[in-house]
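Now for the letters of each chain:
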Protein chains: 2
Amino acid sequence: MRTTPAKCSKPNFKIHHRPIISAAIAKEQQIVGENEIQKSGFNFKKYMTEKANSVNKALDEAISIRDPPTIHEAMRYSLLAGGKRVRPILCIAACELVGGNESIAMPAACAVEMIHTMSLIHDDLPCMDNDDFRRGKPTNHKVYGEDVAVLAGDSLLAFAFEYISGFTVGTSPARVLAAIGELAKSIGTEGLVAGQVVDMVSTGVKDIGLDRLEFIHIHKTAALLEASVVLGAILGGGNETQVEKLRKFARCIGLLFQVVDDILDVTKSSEELGKTAGKDLAVDKMTYPKLLGLEKSRQFAEELLAEAKQQLEEFQSLMAVAPLVALAEYIAHRQN
Amino acid sequence: MRTTPAKCSKPNFKIHHRPIISAAIAKEQQIVGENEIQKSGFNFKKYMTEKANSVNKALDEAISIRDPPTIHEAMRYSLLAGGKRVRPILCIAACELVGGNESIAMPAACAVEMIHTMSLIHDDLPCMDNDDFRRGKPTNHKVYGEDVAVLAGDSLLAFAFEYISGFTVGTSPARVLAAIGELAKSIGTEGLVAGQVVDMVSTGVKDIGLDRLEFIHIHKTAALLEASVVLGAILGGGNETQVEKLRKFARCIGLLFQVVDDILDVTKSSEELGKTAGKDLAVDKMTYPKLLGLEKSRQFAEELLAEAKQQLEEFQSLMAVAPLVALAEYIAHRQN
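Scoring rules and cut-offs
- Residues numbered from 1 in each chain as written.
- Chains lettered and ligands numbered in written order.
- Predicted model: local features only at pLDDT ≥ 70, side-chain atom pairs only at ≥ 80, totals over all residues.
- Heavy atoms only, no water.
- Contact = heavy atoms within 4.5 Å.
- Buried area = accessible area lost by both parts, 1.4 Å probe.
- Salt bridge = Lys/Arg side-chain N within 4 Å of Asp/Glu carboxyl O.
- Polar contact = N/O pair within 3.5 Å; in protein donor to acceptor, adjacent residues only side chain to side chain.
- Helix = DSSP H or I, 4+ residues; strand = E, 2+ residues; numbered from the N terminus.
- Buried < 20%, exposed > 50% of the residue type's maximum accessible area, 1.4 Å probe, protein only.
- Least-squares fit on C-alpha atoms with pLDDT ≥ 70 in both.
- Axes fitted to C-alpha atoms, helices over the stretch in contact; angles between N-to-C directions.
- Parallel < 35°, antiparallel > 145°, perpendicular 65-115°, else oblique.
- Left-handed = near helix turned anticlockwise from the far one by under 90°.
- Nonpolar A, V, L, I, M, F, W, Y, C, P; charged D, E, K, R; others polar.
- pLDDT = per-residue confidence, 0-100.
- Phe/Tyr/Trp six-rings, centres within 6.5 Å; stacked < 30°, edge-to-face > 60°.

> Provide a residue-level description of the interface of chain A and chain B, including the pertinent values.
Listed per partner, the contact involves 41 residues of chain A and 41 residues of chain B. The largest contributions to the chain A side of the interface with chain B come from A:Leu151, A:Leu177 and A:Thr189, which together make up 17% of the buried area. Connecting chain A to chain B are zero salt bridges. The interface formed by chain A and chain B holds four residue pairs in polar contact (both at pLDDT 80 or more) in total. Secondary structure elements with two or more residues in the side of chain A that touches chain B: helix 4 (69-79), helix 6 (102-123), helix 8 (146-167), helix 9 (173-185) and helix 10 (192-202) of chain A. Top element by residues in the side of chain A that touches chain B is helix 8 of chain A. It accounts for eleven residues.

> Describe the side chain of B:His217, with residues and values.
All names here are of chain B. Position of His217 among the secondary structure elements: in helix 11 (residues 209-235). For His217, a relative accessible area of 6% puts it in the buried group. When neighbours within four sequence positions are excluded, His217 is seen to be in contact with Ala222, Leu255, Gln258, Asp262 and Tyr288.

> Describe the relation of the copies chain A and chain B, listing the residues and the values that go with them.
Turning chain A through 180° and shifting it by 0.0 Å along the axis lays it on chain B, with an RMSD of 0.0 Å. Taken together, the rotation angle and the small translation identify this as a two-fold axis. Of every C-alpha in chain A, the one belonging to A:Pro173 sits nearest the axis of rotation, 2.8 Å from it. Comparing interface residues between copies, 100% of those in chain A also lie at the interface in chain B; the contact surface is shared.

> Could you give an account of the environment of A:Arg247, with specific residues and numbers?
All names here are of chain A. Looking at the element boundaries, Arg247 is found in helix 12 (residues 240-267). Residue classification places Arg247 among the buried residues on the basis of a relative accessible area of 12%. The residues contacting Arg247, other than those within four sequence positions of it, are Glu182, Glu226 and Val230. A polar contact is formed between the side chain of Arg247 and the side chain of Glu244, at a distance of 2.9 Å.

> An account of the packing of helix 9 of chain A against helix 9 (residues 173-185) of chain B is requested, with residue identities and associated values reported.
Each pair of packed helices gets described by two things: the angle between the helix axes and the distance between those axes. Axis separation between helix 9 of chain A and helix 9 of chain B bottoms out at 8 Å; the angle between their running directions is 45°. Judged by the inter-axis angle, helix 9 of chain A sits oblique to helix 9 of chain B. Seen along the crossing, helix 9 of chain A lies across helix 9 of chain B with a hand that is left-handed. Listed contacts from helix 9 of chain B to A:Pro173, A:Ala174, A:Val176, A:Leu177 and A:Ile180 of helix 9 of chain A are B:Pro173, B:Ala174, B:Val176, B:Leu177 and B:Ile180. When its residues are assigned to classes, the contact of helix 9 of chain A with helix 9 of chain B shows ten nonpolar, no polar and no charged.

> Give a description of the confidence of the model for chain A that names residues and reports values.
With 83% of its residues at a pLDDT of at least 70, chain A reaches an overall mean of 87. Within the model, the stretch residues 9-33 of chain A combines pLDDT values under 50 with 46 contacts to residues more than four positions away or in other chains.

> Any details on the pattern of salt bridges? Residues and values, ideally.
All told, the structure shown has 36 salt bridges over all chains when counted by the stated rule. With a shortest N-O distance of 2.9 Å, A:Lys51 and A:Glu96 are connected by a salt bridge. With A:Lys51 in helix 3 (residues 44-62) and A:Glu96 in helix 5 (residues 86-97), the pair connects residues that are 45 residues apart, well separated along the chain. According to the relative accessible area criterion, A:Lys51 is buried, its value standing at 9%. The partner of B:Asp199 in a salt bridge is B:Lys220, and the shortest N-O contact between them spans 2.6 Å.

> Could you give an account of the packing of aromatic side chains, naming the residues involved and the relevant values?
All names here are of chain A. A complete count under the given rule lists 14 aromatic pairs over all chains for this structure. Consider the rings of Phe159 and Tyr163, whose centres lie 5.7 Å apart with planes at 35°: the pair is tilted. In this pair, Phe159 and Tyr163 are both assigned in helix 8, four residues apart and thus about one turn of the helix distant. A ring pair is formed by Tyr288 and Phe300, whose centres lie 5.7 Å apart and whose planes are at 45°; its orientation type is tilted. Of this pair, Tyr288 sits in helix 15 (residues 288-292) while Phe300 sits in helix 16 (residues 294-310), placing them twelve residues apart in sequence. Overall, Tyr288 belongs to the buried group, its relative accessible area being 0%. Since its relative accessible area comes to 1%, Phe300 is described here as buried. Following the ring pairs from residue to residue traces out a cluster consisting of Phe42, Phe44, Tyr47 and Tyr330.

Right, dumping it as structure tokens:
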């Protein structure tokens, strides 16, 4: 059984043994770092607030209350329940990095958030993770019933494709089509669904090992984060090299996202997280802290962050790259 | 409350009062009829068998058993459970009618069948229609559990878009994109989901009226049949007039499909239908025979068939139009 975690930049990221980057080398490779970003005058908090506001406005307009009302209310209930909009902002930031703009990326940005929301609604169902609360509010099925919750997820899933295909402007149909293919792949049995399926059968199983833990997280969390970034890069006009660099960046922060989530789950209270903390431990789910210990998990998170930043080297302009660097830093060091 | 059924060829098909065509006029308007088709030497049974075999082969190849195995098995269990493949064959026939060929339409044909299967899996769930049998076999959740059934539906939904975007060849990206938009629209709150939602809240409600009954069927059944035909027409290179004529044809046969389904439900046994006959009556669901009486329902079905055929007038070649005429006849006069 493998005991060293993944290195995202290798092409064989998903399946083989990969050497861990030592913290020292990672530090040395920190080409584009927090200090440089700060010196450049980039205001991360302002950036996040402005982008999240744009995304929220677009999401609000994308799905209005119309006939039949209940299903639209249920879709909006979960879609507009707050959240940091990390995925849509990653999509917009990647689009801007390769020369695109916010309006080109916005339908795709909304689409990835719709898919994310769909996966939360369905994963929370009694027949799956059976969660009563999400982002501090009762879960969709607790408010609207299981039947409507299933259908709200289905229609969010379908609407994501309707929205991206019908509303994306400023790029070629071929690029929109490529983006749709990437998004679809991130949902099914090579993405979210695969992660949830293996997660479910692994609950309660002792010693699942690092391979399976990474399979779960690469599919359940990293796949959609990867799609978010790659969609932005494709629609923004990125060339193949740029898209693949950004894909590797996204895989690193995708895994990083989950490692940090696992760490927070054992170090924070429910109130701070807005969900049931320690639940993964309680239901005997495998987590990084359980498998590697808390300290080694934190070290792994720093290594993933360094490796993510390394992928951004080739993008010369410091201001254009600043949002993605800051987002990676944020994902690594967030407190909830 | 409206008591006369819909006329599909009007642009306002979905919402307003529409005069019924009398059976006599309908007969007169039967420009392209069964007799002519028979004279032309078109062999419907052979056509359906050959096309269904092609579709089954393509579906079998589209989703193979790979890791994680259970979810792929669950998807294949329902997708390859037989069925007449009416939707994919409509897609191929429409594509061929406007000058395309089977290979252009096949990924879209598979996609509509994946969406149809997804909707059956989710509608059969205990929290929805709670059906134990489908096409004579235990429903997906009875075999794989509710959690896997929800996820199998989700991944079929997503894979439909992955497949159509990644595998369609012989047409422009702009046409594939338009087809994706049409397909997505037929699933969500303007299609399948809307129909299922209104169907659920209408169960047990007395006197829902013709307007609501038609809303349910136009969304739950006709929308995906419409998409099947329209996707074929778009991908086959149809011009706007052709696509809209075929859309109206599809709306008529979509409603026709459900009227005949309702009639069969009261006139056939469970064994013949492969599902629980009379169930709609048992759970107090509104049906055409209940609302109009059996004889008037049959008359309505004939009128819809005539109206469907009328839409095919402009397509001159008898051989090219023969499959769609025969499919409409089949939908009207099928015995299961």
